[in-house]
Amino acid sequence: MAETVQTRWVQLSEDPIDIAAAYCFLQGSAVGGISMFVGTTREWTDGQQTLSLTYESYESMAQKEMHKLLDLAEDQWPIQQACLLHRLGKVPIKEASVLVGVATAHRADAFGACRFLIDTLKIQVPIWKQEERSDGRHWIQGSKLPENPTP
C-alpha cells in the first residue's frame, strides 16, 4: 500500500510555532527552493513600545480561508508543500506569531507563492490582533494588499 504524503499544514494554536518542524515538513527530494516568512512580535511600532500581541480568531472560518488561500496559490505556482501556521492568544516580544512556508522546485516560485500567501492571509483570514503597548491596548486592522499583488 502506498504511503499518503501530506502536502499542507494549516494550524491555529496557542502553542509556540515550531520553526524547525515547519522547515522539516517543507523538505523533499524534488524541492529546490523553500521560502519561509516568520512574523514576530516587535518591541517598537511607530515610536510606541509594544509589550505583547494577542490574537483572536473565528477558528473554523479562518482554517477554511487558509485552505482557500492555498488553493489559489497552488493554481498560480507549482507548490509541492506548504504550511500556514498562526499563533492565537498572547504572543510575547520576539516570538513568532505567523509562519508561511512554501516548497517548490525553483526559488522564484517559492518566493512568489510565499509573498502572496502572507500578504493575502493578513487581509482575508479572520484573525484579529490587539497590541498591548505602554499607552494601553489597541486593536489593529489588517494590512492593505500591495500595489501589485500576485496572482
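Everything numeric in this text was worked out from a predicted model, so none of it was measured.

Parameters and conventions
Residues numbered from 1 in each chain as written. Predicted model: local features only at pLDDT ≥ 70, side-chain atom pairs only at ≥ 80, totals over all residues. Heavy atoms only, no water. Salt bridge = Lys/Arg side-chain N within 4 Å of Asp/Glu carboxyl O. Helix = DSSP H or I, 4+ residues; strand = E, 2+ residues; numbered from the N terminus. Axes fitted to C-alpha atoms, helices over the stretch in contact; angles between N-to-C directions. Left-handed = near helix turned anticlockwise from the far one by under 90°. Contact = heavy atoms within 4.5 Å. Patch = residues over 30% accessible without salt bridge, like charges linked within 9 Å, V, L, I, M, F, W, Y side chains within 5 Å. Areas by Shrake-Rupley, 256 points an atom, 1.4 Å probe, with all protein chains shown as cover. Buried < 20%, exposed > 50% of the residue type's maximum accessible area, 1.4 Å probe, protein only. Phe/Tyr/Trp six-rings, centres within 6.5 Å; stacked < 30°, edge-to-face > 60°. Arc of directions from axis to C-beta. Polar contact = N/O pair within 3.5 Å; in protein donor to acceptor, adjacent residues only side chain to side chain. Pairing = 2+ DSSP bridges.

Draft legend 1. Fine view of the pattern of salt bridges. Tallying each qualifying case throughout the model produces nine salt bridges. For the salt bridge of Glu 132 with Lys 90, the shortest nitrogen-to-oxygen distance reads 3.8 Å. Taken together, the positions of Glu 132 in strand 8 (residues 127-133) and Lys 90 in strand 6 (residues 89-92) put the pair 42 residues apart, joining distant regions of the chain. Arg 133 is the partner of Asp 135 in a salt bridge, and the nearest nitrogen-oxygen pair spans 3.1 Å.

Draft legend 2. Summary view of the packing of helix 2 (residues 59-76) against helix 3 (residues 107-124). Packing of helix 2 against helix 3 brings their axes to within 10 Å, and their N-to-C directions diverge by 145°. Crossing of helix 2 over helix 3 shows right-handed handedness. Counting all contacts with helix 2, which are made through Glu 65, Met 66, Leu 69, Leu 70, Leu 72 and Ala 73, the residues of helix 3 involved are Phe 116, Leu 117, Thr 120, Leu 121 and Gln 124.

Draft legend 3. Summary view of a nonpolar patch on the surface. Among the surface-exposed residues, Tyr 58, Met 61, Trp 128 and Trp 139 lie close enough to one another that they form a single nonpolar patch of about 460 Å² accessible area. Along the chain, Trp 139 falls in strand 9 (residues 136-140). Given a relative accessible area of 47%, Trp 139 falls into the partly exposed group.

Draft legend 4. Local environment of the packing of aromatic side chains. The tally for this structure, following the rule as stated, stands at two aromatic pairs. Their ring planes at 65° and their centres at 5.7 Å tell us that Trp 9 and Phe 25 sit as a pair that is edge-to-face. Of this pair, Trp 9 sits in strand 1 (residues 8-13) while Phe 25 sits in helix 1 (residues 19-26); the two residues are 16 residues apart in sequence, bridging distant segments of the chain. Both rings, one in Trp 77 and one in Phe 116, keep their centres 5.7 Å apart while their planes meet at 45°; by these two values the pair is tilted. On the criterion of sequence distance, the pair formed by Trp 77 in the loop between helix 2 and strand 5 (79-87) and Phe 116 in helix 3 is long-range, its members being 39 residues apart. The two residues Trp 77 and Phe 116 agree in class, both being buried.

Draft legend 5. Here's a closer look at helix 1. Among all positions in helix 1, only Ala 22, Phe 25 and Leu 26 are buried. Within helix 1, the buried residues cover an arc of 95° as seen down the axis, which keeps them to one side. Buried-residue contacts for helix 1 involve strand 1, strand 2 (33-40), strand 5 and strand 7 (96-104). N-cap assignment for helix 1: the residue whose side-chain oxygen lies 3.3 Å from the backbone N of Ala 20 is Asp 18.

Draft legend 6. Molecular detail of the sheet that holds strand 5. On the basis of which strands lie adjacent, the open sheet formed by four strands has the order 1-5-7-2 and mixed pairing. With one partner strand each, in any of the chains shown, strand 1 and strand 2 form the two edges of the open sheet. Strand-to-strand, the axes of this sheet are offset by a mean angle of 5°, without reference to chain direction. Relative to strand 7, strand 5 is paired through seven bridges, and the arrangement is antiparallel.

Draft legend 7. Structural view of the environment of Ile 19. Looking at the element boundaries, Ile 19 is found in helix 1. For Ile 19, a relative accessible area of 39% puts it in the partly exposed group. In the structure, Ile 19 is positioned 101 residues away from Thr 120 in sequence and 21 Å away in space, judged by C-alpha atoms. Residues contacting Ile 19, with those up to four places away along its chain left out, are Met 36, Val 38 and Leu 99.

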